Amino acid sequence: MTWFPCLIRAADGVDAPSIKLGHPLLDDYLAFVGARARTNTWLAVAYDLKVFFSMIPKEPAAVTTADVFAFLKQQRSPRRGAKVVRLEDGEAGLAARTIARRLSSLSGLYVYLLVRGDAGVSANPVPRGLSARRPGAAQGKRGMVLIRTPRTLPRVLSPSEVDTLFTALRTSRDRAMVEAMVLGGLRRCEVLGLTLGDIKAGERRIFISQGKGGHQRIVPISPRFFASLGSYLDRERPQTSSTDQVFIVLKGIRRGQPLSADGLDEIMDGARRRAGLTQATCHQLRHTCFTRLREAGMALEAIQAQAGHASIESTRIYLHLSNDWLAGEYRRAAEAIEAQAVQP
């Protein structure tokens, strides 16, 4: 028996959305994911499973490791011709991170089916890696990974590019949102998730209630943000709006409704074009914030708390982006070596 997945996103009610693919086992798994993950993660898992089972139209219990390797080969095949590659990694197929995420989504499905025990699945067809030892030898902790994801440095904006971007913003609302990201390091979803009760103007801090992974935190932010926010609330935000979301649509048929992620991206795209910049995404503004804070001497642990990183390993990337820190450490070490060399 074969089937073809069809991603259906519906809302049974305001508080009960659903995402389904048209197969009982997959729909049960997606309901499980939806109960413990944010909507973006939920949609990503659903889409990843749709991609896999569109290429491998089998029942979940019939999928083999050979099918997974065939899927892996297809995902790495050229998308726009063998001679067209991405500059950042030189690959012609999908990015390694995208493929790794899809394999992770598929593996999560089979872990769930194995725990259930009633799906006819006896083993996870997604291998964790390839053994680097001969058959029968003791297994080490690490083997050959299926997908090697490159660790690339995030892109940041220069101070002049940030100034140019600000001149291209048209409203105090837009300025406040950009300042929240470039001065406070907020994620896009955190900016859009701010409510009026989250603003602690007297303390110059804001409460992040919609952080990544459901984590909450309180972070300080520059007075410049509160000045722009005050101007927006006093002069631009419709008084008739019934939502407590801070950032809302200012005109059109959706006037007074919460601003969406697509709406914020549209604002950023327009500002970037008017400023003549080649890059200026929401996440690049966040990276720019933490890079400048590190260059100014802010401790790595403090940046971790400001960023809302669960692990400090995620924060260490800003050591490489902070040119002054690395140059200073190298200069001190080099001077010490030279001082030892000139001693008689």
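Placed above this text is the structure.
Residues numbered from 1 in each chain as written. Predicted model: local features only at pLDDT ≥ 70, side-chain atom pairs only at ≥ 80, totals over all residues. Heavy atoms only, no water.

A. Broad picture of the overall build of the protein chain. Each helix and strand counted, the protein chain has 13 helices and five strands in total. A buried classification covers 40% of the 344 residues belonging to the protein chain. When the accessible surface of the protein chain is totalled, it reaches about 20000 Å², and 53% of it is carbon and sulfur. (Helix = DSSP H or I, 4+ residues; strand = E, 2+ residues; numbered from the N terminus. Buried < 20%, exposed > 50% of the residue type's maximum accessible area, 1.4 Å probe, protein only. Areas by Shrake-Rupley, 256 points an atom, 1.4 Å probe, with all protein chains shown as cover.)

B. Examining unusual backbone geometry more closely. Its identity is not glycine, yet Arg204 carries a phi of approximately 55°, on the positive side. Looking at where Arg204 falls in the secondary structure, it is placed in the loop between strand S3 (199-200) and strand S4 (205-208). Under the relative-accessibility criterion, Arg204 is labelled partly exposed at 38%.

C. Fine view of the sheet that holds S3. Within the open sheet, the three strands sit side by side as S3-S4-S5. Their pairing is antiparallel. Every interior strand has two partners, whereas the edge strands, S3 and strand S5 (217-220), have only one. Note that S3 and S4 share two bridges and pair antiparallel. Paired with Lys200 across the two strands is Arg205, which belongs to S4. (Pairing = 2+ DSSP bridges.)

D. Here's a closer look at the nonpolar core. Judged by nonpolar contacts, the single largest core of 40 residues is most densely connected at Ile206, Phe225 and Phe247. Elements supplying a minimum of two residues to this core: helix H5 (159-167), helix H6 (172-182), helix H7 (188-192), S4, helix H8 (223-235), helix H9 (261-275) and helix H10 (282-295). Beyond its immediate stretch of four places on either side in the chain, Ile206 contacts Leu186, Leu194, Asp198, Ile199, Lys200, Arg217, Ile218, Val219, Ile221, Phe225 and Phe226. The next biggest cluster of nonpolar side chains, apart from the first, holds 33 residues, and it includes Phe52, Leu106, Tyr112 and Ile147. (Core = buried A, V, L, I, M, F, W, Y, C linked by side-chain atoms within 4.5 Å. Contact = heavy atoms within 4.5 Å.)

E. Representation of helix H2 (residues 39-55). Compared with the 24 Å implied by 1.5 Å per residue over 17 residues, the 25 Å span of H2 between its first and last C-alpha is a close match. Taken together, the buried positions of H2 are occupied by Trp42, Val45, Ala46, Asp48, Leu49, Val51, Phe52 and Phe53. Contact partners of the buried residues in H2: strand S2 (17-20), helix H1 (24-36), helix H3 (65-75) and helix H4 (96-116). (Expected span 1.5 Å × (residues − 1).)

F. Representation of a positive patch on the surface within the structure. A contiguous patch of positive charge, built from Arg170, Lys251, Arg273 and Arg274, is present on the exposed surface. The residue Lys251 is located in the loop between H8 and H9 in this model. (Patch = residues over 30% accessible without salt bridge, like charges linked within 9 Å, V, L, I, M, F, W, Y side chains within 5 Å. Salt bridge = Lys/Arg side-chain N within 4 Å of Asp/Glu carboxyl O. Lys, Arg positive; Asp, Glu negative; His and termini not counted. Charge placed at Lys NZ, Arg CZ, Asp CG, Glu CD.)

G. Focus on the pattern of salt bridges. Summed over the entire model, instances satisfying the criterion amount to 15 salt bridges. Residue Glu203 pairs with Arg205 through a salt bridge whose shortest N-O separation is 2.8 Å. Its relative accessible area of 32% is what places Arg205 among the partly exposed residues. When salt bridges with common partners are traced through the structure, they connect Asp28, Arg116 and Asp118 into a single cluster.

H. Representation of the packing of H1 against H2. Relative orientation of the contacting elements H1 and H2 amounts to 160°, with a least axis distance of 9 Å. It follows from the interaxial angle that H1 and H2 lie roughly antiparallel. Along this stretch, H1 crosses H2, giving a crossing that reads as right-handed. Mapping the contact onto sequence places Leu26, Tyr29, Leu30, Val33 and Gly34 in H1 and Trp42, Val45, Ala46, Leu49 and Phe53 in H2. (Axes fitted to C-alpha atoms, helices over the stretch in contact; angles between N-to-C directions. Parallel < 35°, antiparallel > 145°, perpendicular 65-115°, else oblique. Left-handed = near helix turned anticlockwise from the far one by under 90°.)

I. Just the packing of aromatic side chains, in detail. A complete count under the given rule lists eight aromatic pairs for this structure. A centroid spacing of 5.7 Å and a plane angle of 20° characterise the contact between Tyr232 and Phe247, whose relative ring orientation is stacked. Taken together, the residues span a long stretch of sequence, with Tyr232 in helix H8 and Phe247 in the loop between H8 and H9 at a distance of 15 residues. The residues Tyr232 and Phe247 share a single accessibility class, namely buried. One aromatic cluster is present, formed by Tyr29, Phe32 and Tyr112 through successive ring pairs. Positioned above the aromatic ring of Phe166, the side-chain terminus of Arg224 is 5.5 Å from the ring centre. (Phe/Tyr/Trp six-rings, centres within 6.5 Å; stacked < 30°, edge-to-face > 60°. Lys NZ or Arg CZ within 6 Å of the ring centre and 35° of its normal.)

J. Geometry of H8. Helix length check: H8, at 13 residues, gives a terminal C-alpha distance of 18 Å against a target of 18 Å (1.5 Å per residue), a fit within 8%. What H8 keeps buried is the set Phe225, Phe226, Ser228, Leu229, Ser231 and Tyr232. Tucked into the core, H8 has its buried residues touching H6, S3 and S4.

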